[in-house]
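Single-letter residue listing:
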Amino acid sequence: MEISENIISKEVKKVLIILDDISDKEFVKNDLLSLFNISEEKITILVFQHKVAKEPTSEEIISPADFGWYGKIKSDKLKAVLTNKYDLLINYSKVDNIYSNLLLLQCKAGFKVGFKHLDNRFYDLTIDCNSNELELFNKELKKYLAILNKI
């Protein structure tokens, strides 16, 4: 894997997390806060759900309704998230889906990480573990980020 110089030299200060299971949200957030030296307000979480109630229960929930033709972002809340720059993007999605991939393509992130079974063209680093092993994934992520001098 080739890693550009600007990726290696930048420390992780702002993180974007993509989930497809809202029940993992608290565990992932708390585990990352304990593993990395960043504050909670520096972590942005997006939870993709195929079917959502008319009024989503959380600002973090996104759905196919937030996307238009040709992958155009319709939602103002999602546009606001994607205009920010992130040092690290972590995709915890258990399966590939077109909407997560659109987010990966449009997000301004210096370093993108995901599971090995996902489409590796979108990531700078993929970690080979079961998508249910979130704690192992986070430990491996921390190990590789330490090697790259990001933490």
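Each remark here, short or long, concerns the structure printed above.
Residues numbered from 1 in each chain as written. Predicted model: local features only at pLDDT ≥ 70, side-chain atom pairs only at ≥ 80, totals over all residues. Heavy atoms only, no water.

Asker: Help me understand the overall build of the protein chain, please; the structure alone is not making it clear to me.
Answerer: Each helix and strand in the protein chain was counted, giving five helices and eight strands. When the helices and strands of the protein chain are read in sequence order from the N terminus, they spell out α-β-α-β-β-α-β-β-α-β-β-β-α. Within the protein chain, the fraction of its 151 residues that count as buried is 46%. Partitioning the contacts of the protein chain with sequence separation of at least 6, the portion at a separation of at least 24 is 55%. Looking at the protein chain as shown, the accessible area adds up to about 8500 Å², and 49% of this sits on carbon and sulfur atoms. (Helix = DSSP H or I, 4+ residues; strand = E, 2+ residues; numbered from the N terminus. Buried < 20%, exposed > 50% of the residue type's maximum accessible area, 1.4 Å probe, protein only. Contact = heavy atoms within 4.5 Å. Areas by Shrake-Rupley, 256 points an atom, 1.4 Å probe, with all protein chains shown as cover.)

Asker: Whenever I open this one, the environment of Leu104 confuses me. Can you help?
Answerer: Within the secondary structure, Leu104 sits in helix H4 (residues 98-106). C-alpha of Leu104 to C-alpha of Asn91: the two residues are 13 residues apart in sequence and 8.5 Å apart in space.

Asker: Teacher, can you tell me more about helix H2 (residues 25-35) here?
Answerer: Each α-helix turn comprises 3.6 residues. Residues three or four places apart therefore point the same way. Taken together, the buried positions of H2 are Lys25, Val28, Lys29, Asp31, Leu32 and Leu35. Buried residues in H2, looked at end-on, bunch into an arc of 170°, giving them a common side. Those residues of H2 that are buried are in contact with strand E1 (15-19), strand E2 (43-48), strand E5 (88-91) and helix H5 (134-147). (Arc of directions from axis to C-beta.)

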